[in-house]
Amino acid sequence: MSNITLNNISKCYTQGHPPAVDQVSMEIQDGAFMCVLGPSGCGKSTILRMIAGLEHLSDGEIVADGRVLDNVAKGLFIPAEKRQIGLVFQSYALWPHMTVARNIEFGLRLKGLPAKERKKLVAEMIVMLKIEGLEDRYPAQLSGGQQQRVALARTLAMNPGILLLDEPLSNLDASLRLSMRAELTRLHQEFGTTIVFVTHDQWEAMTLATQIAVMNKGTLQQIGTPDDIYERPANRFVAEFIGNPPINMISAETKPAQQLMHQAGFSMSVSEGTQLGLRPEGLQLSREASSSSVPVTINDILPTGGAWIIELTVDQDETSPLNLVHTTQTPPLWQRGDQANLKVASHAMHLFNADGKRQPFALTPKAATYRTSADVVSPDFSQSKIEDIS
Amino acid sequence: MTEISHTNHLSPLQKWRHRLVIAKCDPTLLIGLGLLFIFAWLIAAPIINVLFEVFTVQTGDEMRTGADAGQVTGYYLERVFASRMSSIIFWKPLWNTLLVSITSMLLSMVIGSILAWLLVRTNLMGRRWLSTALIIPFMLPAWTFALAWTTLFKNATIGGQPGWAEAMGYQLPDWVSYGAFPTILIMTLNYIPFVILLVGNALRRLDSQLEEAGQMLGASRGRVALSIVFPLMRPALMSSALLIFADAIGEFSVPYVLGLPVQFETLATSLYRAIGTQQNGVAAVFAGVILVVGIATLALDTWMMREARRFAIIGSKGAMERRQSLGWLQWPATILALVMVFIGVVAPLGALALSTVMHLPGRFELSNFTLDYWIGTNLDTVALRNGILLSSEFWNAAWSSISIVGSASICAGILGLLTGYIVLRSPLKFVSVSLRQITFFPYLVPGIAFAAAFLTLFAVPHGPIPALYGTPMILFLALIADQMPFASRAGISAMTQLGSDVEDSARVAGAGWLRRMFSIILPIQRNALVTAVLMPFISGIKGVSLFIILAVPATDVLTTFSIRLIDFNYTQAANAVVLMIALIALFGTILINRLTGTGLAQGLES
Ligand SMILES: Nc1ncnc2c1ncn2[C@@H]1O[C@H](COP(=O)(O)OP(=O)(O)OP(=O)(O)O)[C@@H](O)[C@H]1O
Ligand SMILES: [Mg+2]
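- Labelled according to an unreviewed UniProt entry, chain B appears under the name Iron(III) transport system permease protein, originating from Marinomonas aquiplantarum.
- In its Sequence similarities (unreviewed entry) section, UniProt records this for chain B: "Belongs to the binding-protein-dependent transport system permease family."

- Chain A has the name Carbohydrate ABC transporter ATP-binding protein (CUT1 family) in an unreviewed UniProt entry, where Marinomonas aquiplantarum is given as its organism.

The following block contains the structure:
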């Protein structure tokens with residue numbers, strides 16, 4: 001029901017230190033489910049707190065639905081209590097001296113709703129978030145998952161146009177996470193609320209988001225759909241941060257790299273310092289050697305339950321060994337120590353120049369044949385993403 | 001890219017305007033500045049003022065100094081430090097003060113550490129019961145014990161009722177009855193629980209695995225104690241010692257009660273006497289000396305604690321609690337602890353209680369027992385012709401005590417919690433730092449010096465503030481200032497534990513500042529608030545120093561009332577009043593323990 005625009009926002013907690021958030025701009029569309037993703041300490045929570053009004057900007061502007069929430073240059077600021085934005089804290093921050101029902105009711109009371117309406121809303125929320133029977137308990141008497149749902153109920157009861165969630169699933173166990181994730185998707189669809197969701201779990205981001213913003217050290221690295229982020233990482237950081245196990249990164253100037261680019265139909269002339277990224281699931285091993293494949297030795301095979309991680313070493317006569325990781329969902333026919341021949345699907349290859357920026361491949365004329373023959377195992381999360389979001 | 005480089009398209013004016021707009025939405029900063037102002041007036045101003053008084057000619061001293069009142073003079077310094085009178089009025093009391101402080105500090109450290117070790121680290125019999133019993137003296141006013149001593153061991157040098165020993169026919173020399181010896185003894189008894197608490201806590205955090213590791217390597221027990229335990233405990237030991245020393249140099253009530261008959265003066269009693277004889281300049285010098293020594297000692301302590309943190313192996317999380325078997329030492333150790341309970345608790349309280357129900361001291365005949373001093377009427381005394389429970393003076397004093405100390409404690413508690421709030425939430429760092437420091441400052445200043453400082457500032461009108469001497473107001477303000485260290489510590493630690501998320505979530509829900517205070521912060525901090533009120537209340541009720549200087553007969557409180565009774569030799573009545581004070585203090589402490597489930601040790605340490 002609302003859109004938010006961040007215009008070049010920065011936050012510097014301590015003068016002289018590098019800023020926690022550095023000139024970040026993004027447009028969060030009405031009804032979007034935006035995930036802010038990044039390593040610990042990259043400024044994710046800070047962005048949420050600035051949108052909520054709990055921190056003020058050091059520079060830039062935040063606008064929601066045409067209303068300026070914070071603008072340093074013009075000297076405008078609306079405090080958190082007047083923004084009507086919902087925020088669920090990483091720590092839940094339930095009020096320990098109030099029962100569950102009172103926790104949910106508190107904000108409604110402040111809104112000045114009459115008692116009858118409050119009761120009705122509270123009851124609705126309790127049913128919706130499946131916390132029936134806990135109304136009269138105190139937060140200390142609830143499990144982590146229950147607390148989390150109370151925190152959500154408390155925020156949703158206010159029917160905010162914008163819902164900010166700070167790693168709300170990080171304290172839950174795996175199965176609870178799964179069901180809460182489904183719950184969030186359902187809520188998003190049911191209410192059409194604009195959601196900004198902070199996480200450092202890429203899997204969570206990939207499965208939930210319509211848009212992902214990847215952050216590092218306070219700066220925005222890339223913003224786009226989960227597909228964009230995975231298939232077309234804007235830079236080396238994004239490519240390395242997304243994907244599990246992480247992308248193989250090798251110097252594009254080495255002989256094996258040149259050979260792999262050649263077999264994928266790409267031109268092999270690269271500038272100095274260029275890196276070639278190879279998604280582990282895009283690697284293909286076969287017994288038959290061809291002129292374009294790269295000979296490798298299987299180092300180790302690690303089963304991870306339904307999938308396998310295969311560690312390879314490229315057979316080459318240079319001094320430092322070149323190790324690669326490959327994942328597959330078909331049971332491998334290899335033994336440790338086997339010799340094999342490596343090819344890589346073209347869409348699993350990414351090129352980054354010396355500055356880490358994504359660099360398009362130049363195609364060699366015969367490229368088209370390779371591009372269509374994609375018998376590659378697709379990454380597991382892009383599958384589940386399709387189920388969850390559509 | 002740093003802030004400096006990319007925000008410099010903003011002018012300073014724009015940044016300040018933005019800050020101002022934000023500050024307008026949140027009264028935290030304003031309240032912080034308000035608190036700073038209050039404490040500057042209540043805490044900093046009196047202390048700075050008393051230091052100025054040292055160099056200022058006082059009204060009435062124009063003749064002696066040959067200068068007009070208000071002019072700068074070195075007269076008082078010279079008189080105290082370098083005149084013919086110096087050795088009597090300053091050097092002797094200074095020597096007595098140091099003698100009493102250092103000796104009682106050392107004695108209480110030795111005995112207290114042994115007891116702490118027995119309670120925390122060994123399988124001493126009945127240690128649970130003993131650890132409570134041994135702490136009791138801590139909850140009682142120090143001069144309870146001084147009175148108990150005179151009740152038992154007063155000799156015939158001064159008039160009035162003799163002590164029990166004398167009454168039973170033992171002639172006691174003066175040095176047993178009065179002066180340095182009993183003062184040291186009583187102060188030692190008073191500080192032992194303090195050592196047990198502090199050293200006991202440190203021992204508890206000391207990982208016993210470190211000790212065991214030493215023993216495994218074949219070191220003897222004595223060796224382990226000397227080379228492992230002692231070095232690790234040194235910071236805690238040093239810190240306790242300095243805290244005790246700083247407190248002891250300002251101790252007034254014990255030397256006052258026990259030193260008076262033999263002209264045994266300390267700095268604190270000299271200060272009192274100087275004020276009593278209108279020598280305000282000299283009093284200011286005494287106050288200044290006590291102040292400087294107190295501050296220096298505690299600065300040393302702070303500095304050493306900082307040093308100690310560098311090798312903080314103590315307090316590893318998985319510290320194991322394992323007790324050593326005492327073996328054949330079990331009996332002697334148990335007896336030692338029991339003797340300490342007897343000397344520190346049973347004997348003094350028993351003697352005091354018994355003395356209030358006996359006509360003549362030390363005579364245990366049925367006919368000698370009476371409840372007259374509690375509930376009698378028409379007694380054959382000059383004043384106070386009713387038992388104290390039936391006398392209006394007692395109830396008036398009790399009411400003043402409770403109302404003045406109570407209202408001051410409530411204010412101190414609220415200010416303490418607010419201070420805690422601001423210290424943690426202030427957007428300006430200097431506000432939190434200076435609030436934290438200024439509220440802790442009175443802790444460095446012995447009560448008697450602080451009272452003297454208060455007197456010099458508030459006895460005369462300043463601007464819109466009228467002269468407050470003789471009004472309950474001056475007591476009220478002095479109590480608040482004096483109790484701020486406890487109250488603000490309680491507030492800061494409570495607010496630290498609360499964290500800011502709980503308040504932030506109320507903000508997001510739409511709650512303004514006042515609403516957050518009253519619906520979220522205060523209800524959650526209810527227990528902390530009660531502690532922040534009760535702690536000052538207990539220490540205010542049993543305190544003497546502030547009242548002896550600032551109270552006048554019109555604002556009689558329990559402590560000054562009982563001291564007056566002592567001065568008039570109404571021993572039984574005085575003892576009865578002191579017992580009542582002890583009772584209030586005891587119950588208050590028990591209440592705090594019940595409420596917080598922790599006890600005083602933490603409050604002292606944090
Ligand atoms: N109140 C504060 N004062 C000073 N520095 C802060 C403050 N809050 C955060 N920071 C710093 O700002 C940076 C970004 O912090 P932030 O909490 O936004 O990270 P995050 O991305 O949410 O990390 P995490 O995933 O661990 O929650 C960190 O370096 C942090 O140390
Ligand atoms: Mg965070």
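Side note on the overall build of chain A
Logical step 1: Each helix and strand in chain A was counted, giving eleven helices and 20 strands.
Logical step 2: Over its C-alpha atoms, taken along the principal directions, chain A stretches across nearly 80 × 50 × 35 Å.
Logical step 3: Per-residue burial over chain A gives 55% buried out of 390 residues.
Logical step 4: Counting only contacts in chain A whose residues sit at least 6 apart along the sequence, the fraction spanning at least 24 positions is 67%.
Logical step 5: As displayed, chain A offers around 16,700 Å² of accessible surface, 52% of which is attributable to carbon and sulfur atoms.
Logical step 6: Looking at charge distribution, chain A has the averaged site of its 34 positive side-chain charges lying 7 Å from that of its 41 negative ones.

Some remarks on the UniProt feature "domain: ABC transporter" (unreviewed entry) in chain A
Logical step 1: In the numbering used here, UniProt assigns the feature "domain: ABC transporter" (unreviewed entry) to residues 4–242 of chain A.
Logical step 2: Here residues 4–242 of chain A runs as 36% helix and 25% strand, with 25 Å between its end C-alpha atoms.

What to know about the sheet that holds strand S6 (residues 76–77) of chain A
All names here are of chain A.
Logical step 1: Taking strand neighbours across the sheet as the criterion, the five strands line up as S2-S1-S4-S5-S6 in an open arrangement whose pairing is antiparallel. Whereas interior strands pair on both sides, the edge strands pair on one side only; in this sheet they are strand S2 (21–28) and S6.
Logical step 2: As paired elements, strand S5 (residues 67–71) and S6 share two bridges and run antiparallel to each other. Residue pairing across strands places asparagine 71 opposite leucine 76, the latter belonging to S6.
Logical step 3: Running at roughly 120° to strand S1 (residues 4–11), helix H1 (residues 44–52) makes contact with S1, S2, strand S4 (59–64) and S5 of the sheet.

Comments concerning the site of ligand 1
Residues and elements named next belong to chain A.
Logical step 1: The environment of ligand 1 is made up of Tyr13, Ala20, Ser40, Gly41, Cys42, Gly43, Lys44, Ser45, Thr46, Gln90, Glu167 and His200.
Logical step 2: In this structure, cysteine 42 approaches ligand 1 through a main-chain N or O atom, which is 3.2 Å from an oxygen atom.
Logical step 3: Within the contact set of ligand 1, an oxygen atom lies 2.5 Å away from a side-chain nitrogen or oxygen of serine 45.
Logical step 4: In the complex, 58% of the free accessible area of ligand 1, which totals 640 Å², lies under the protein chains.
Logical step 5: Across the shell around ligand 1, the residue classes break down as three nonpolar, seven polar and two charged.

Let's talk about the domain arrangement of chain A
Residue and element names in this part refer to chain A.
Logical step 1: What the domain assignment lists for chain A is domain 1 (4–237) and domain 2 (245–389).
Logical step 2: Placing the centre of domain 1 and that of domain 2 at their C-alpha centroids yields a distance of 38 Å.
Logical step 3: Between domain 1 and domain 2, the residue contacts involve 17 residues of the former and 16 residues of the latter.
Logical step 4: Three residues, Thr207, Tyr230 and Arg236, lead the burial of domain 1 against domain 2; their summed loss comes to 41% of the area buried on that side.
Logical step 5: Counting the contacts that link domain 1 with domain 2 gives zero salt bridges.
Logical step 6: At the surface where domain 1 touches domain 2, the tally comes to five residue pairs in polar contact (both at pLDDT 80 or more).
Logical step 7: Taken together, the residues of the side of domain 1 that touches domain 2 break down into eight nonpolar, five polar and four charged.

Digging into unusual backbone geometry
Logical step 1: In the segment running from A:Asn244 into A:Pro245, the intervening peptide bond is cis, with an omega of -5°.
Logical step 2: A positive phi angle, close to 60°, is found at B:Gln278, a residue other than glycine.
Logical step 3: Position of B:Gln278 relative to the elements: it lies in the loop between helix H16 (267–276) and helix H17 (280–308).

A word on the interface of chain A and chain B
Logical step 1: Taken together, the 40 residues of chain A in the interface contact 31 residues of chain B.
Logical step 2: Summing both sides of the interface, chain A and chain B together bury roughly 3,100 Å²; the carbon and sulfur share of this comes to 62%.
Logical step 3: Applying the counting rule to chain A against chain B returns three salt bridges.
Logical step 4: Sorting the residues of the side of chain A that touches chain B by element identifies S2, S5, S6, strand S7 (86–88) and helix H2 (100–111) of chain A as the ones contributing at least two each.

What about the confidence of the model for chain B?
Residue and element names in this part refer to chain B.
Logical step 1: Per-residue confidence for chain B averages 83 on the pLDDT scale, and 91% of its residues sit at or above 70.
Logical step 2: Within the model, pLDDT remains below 50 along residues 311–320, and this stretch shows 15 contacts once partners closer than five positions in the same chain are excluded.
Logical step 3: Confidence drops under a pLDDT of 50 for residues 599–606, and excluding neighbours within four residues, the segment shows 15 contacts in the predicted structure.
Logical step 4: Here the predicted complex carries an ipTM of 0.81, next to a pTM of 0.79.

Quick look at the nonpolar core
Logical step 1: B:Met233, B:Leu271, B:Phe454 and B:Leu550 are the most contacted members of the largest nonpolar core, which totals 171 residues.
Logical step 2: Discounting chain neighbours no more than four positions away, the residues touching B:Phe454 are B:Leu42, B:Pro46, B:Ala459, B:Ile474, B:Leu477, B:Ala478, B:Ala481 and B:Leu550.
Logical step 3: A:Ile104, A:Leu121, A:Met158 and A:Val238 belong to the second-largest nonpolar core, a separate cluster that totals 47 residues.

Regarding helix H3 (residues 28–53) of chain B
Logical step 1: Counted at 1.5 Å a residue, the expected span for H3(B) with its 26 residues is 38 Å, and the 36 Å between its end C-alpha atoms agrees.
Logical step 2: Helix geometry: H3(B) is bent most strongly at B:Ala40, by close to 40°.

A closer look at the packing of helix H21 (residues 429–440) of chain B against helix H23 (residues 472–498) of chain B
Helix-helix packing is characterised by the crossing angle of the two axes and by the distance between the axes.
All names here are of chain B.
Logical step 1: The contact between H21 and H23 brings their axes to 7 Å, and the two run at 140°. Viewed along their axes, H21 and H23 adopt a mutual orientation that is oblique. Contact residues: H21 offers Arg436, Thr439 and Phe440, while H23 offers Met484, Pro485, Ser488, Arg489 and Ile492.
Logical step 2: Its residues placed into classes, the contact of H21 with H23 shows four nonpolar, two polar and two charged.

Considerations on empty space enclosed by the protein
Residues and elements named next belong to chain B.
Logical step 1: For the coordinates displayed, the defined rule picks out seven cavities of 30 Å³ or more.
Logical step 2: In this structure, the largest cavity spans a volume of roughly 1,200 Å³.
Logical step 3: Asp247, Glu251, Phe486, Ser539 and Lys542 are, among the 44 residues lining the largest cavity, the residues nearest its centre.
Logical step 4: Looking at the lining of the largest cavity residue by residue, the classes come out as 29 nonpolar, eleven polar and four charged.

Topic: the sheet that holds strand S18 (residues 339–344) of chain A
Residues and elements named next belong to chain A.
Logical step 1: Taking strand neighbours across the sheet as the criterion, the five strands line up as S14-S18-S15-S16-S17 in an open arrangement whose pairing is antiparallel. At either end of the open sheet lies a strand with only one pairing partner, and these are strand S14 (283–286) and strand S17 (322–328). Averaged over all pairs of adjacent strands, the angle between strand axes in this sheet comes to 45°, irrespective of strand direction.
Logical step 2: The sheet strands contacting helix H9 (residues 255–264) are strand S15 (294–303), strand S16 (308–314), S17 and S18, and the helix crosses S18 at an angle near 60°.

Some points on the environment of B:Gln14
Logical step 1: Its place among the elements puts B:Gln14 in helix H2 (residues 12–24).
Logical step 2: For B:Gln14, a relative accessible area of 22% corresponds to the partly exposed category.
Logical step 3: B:Gln14 sits 44 residues away from B:Gln58 along the chain, and the two C-alpha atoms are 52 Å apart.
Logical step 4: Setting aside its immediate chain neighbours within four residues, B:Gln14 contacts A:Val72, A:Ala73 and B:His9.
Logical step 5: A distance of 3.1 Å separates the side chain of B:Gln14 from the backbone oxygen of A:Ala73, its partner in a polar contact.
Logical step 6: Among the polar contacts made by the side chain of B:Gln14, one reaches the main-chain amide nitrogen of B:Ser11 at a distance of 2.9 Å.

Quick look at the packing of aromatic side chains
All names here are of chain B.
Logical step 1: This model, assessed by the stated rule, comprises 20 aromatic pairs over all chains.
Logical step 2: Measuring from ring centre to ring centre gives 4.7 Å for phenylalanine 90 and tryptophan 91, while their planes differ by 80°; the resulting arrangement is edge-to-face.
Logical step 3: Phenylalanine 90 gets classed as buried once you look at its relative accessible area, which sits at 2%.
Logical step 4: Of the residues examined, tryptophan 91 reaches a relative accessible area of 42% and is grouped as partly exposed.

Here's the deal with the pairing of strand S11 (residues 219–224) of chain A
All names here are of chain A.
Logical step 1: Here strand S10 (residues 211–216) pairs with S11 via five bridges, running antiparallel. Note that in S11 the partner of isoleucine 212 across the bridge is glycine 224.
Logical step 2: In this structure, the hairpin formed by S10 and S11 is closed by a connection of two residues, where lysine 217 is found at a positive phi of approximately 50°.

Section: the pattern of salt bridges
Logical step 1: For the structure shown, the criterion picks out 20 salt bridges over all chains.
Logical step 2: The residue A:Arg49 makes a salt bridge to A:Glu55 at a minimum N-O spacing of 3.4 Å.
Logical step 3: Each member of the salt-bridge network shares a partner with another, and the members are A:Glu81, B:Arg425, B:Glu503, B:Arg507 and B:Arg516.

Some details on the confidence of the model for chain A
Logical step 1: In the predicted model, chain A carries a mean pLDDT of 86, and 92% of its residues have values of at least 70.
Logical step 2: Counted against residues more than four places away or in other chains, residues 367–390 of chain A, with its pLDDT under 50, gives 37 contacts.

Scoring rules and cut-offs
- Residues numbered from 1 in each chain as written.
- Chains lettered and ligands numbered in written order.
- Predicted model: local features only at pLDDT ≥ 70, side-chain atom pairs only at ≥ 80, totals over all residues.
- Heavy atoms only, no water.
- UniProt positions renumbered as here; feature names shortened; annotations may be inferred.
- Helix = DSSP H or I, 4+ residues; strand = E, 2+ residues; numbered from the N terminus.
- Buried < 20%, exposed > 50% of the residue type's maximum accessible area, 1.4 Å probe, protein only.
- Contact = heavy atoms within 4.5 Å.
- Areas by Shrake-Rupley, 256 points an atom, 1.4 Å probe, with all protein chains shown as cover.
- Lys, Arg positive; Asp, Glu negative; His and termini not counted.
- Charge placed at Lys NZ, Arg CZ, Asp CG, Glu CD.
- Pairing = 2+ DSSP bridges.
- Axes fitted to C-alpha atoms, helices over the stretch in contact; angles between N-to-C directions.
- Near = heavy atom within 4 Å.
- Polar contact = N/O pair within 3.5 Å; in protein donor to acceptor, adjacent residues only side chain to side chain.
- Nonpolar A, V, L, I, M, F, W, Y, C, P; charged D, E, K, R; others polar.
- Domains from an automatic or database assignment.
- Buried area = accessible area lost by both parts, 1.4 Å probe.
- Salt bridge = Lys/Arg side-chain N within 4 Å of Asp/Glu carboxyl O.
- pLDDT = per-residue confidence, 0-100.
- Core = buried A, V, L, I, M, F, W, Y, C linked by side-chain atoms within 4.5 Å.
- Expected span 1.5 Å × (residues − 1).
- Bend = angle between axes of the 7 residues up to and from the residue.
- Parallel < 35°, antiparallel > 145°, perpendicular 65-115°, else oblique.
- 1 Å grid on protein atoms, 1.4 Å probe; cavity = no way out; pocket = protein on both sides within 12 Å on 5 of 7 lines; lining within 4 Å.
- Points joined across faces, edges and corners; volume = space filled by probe spheres on them.
- Phe/Tyr/Trp six-rings, centres within 6.5 Å; stacked < 30°, edge-to-face > 60°.

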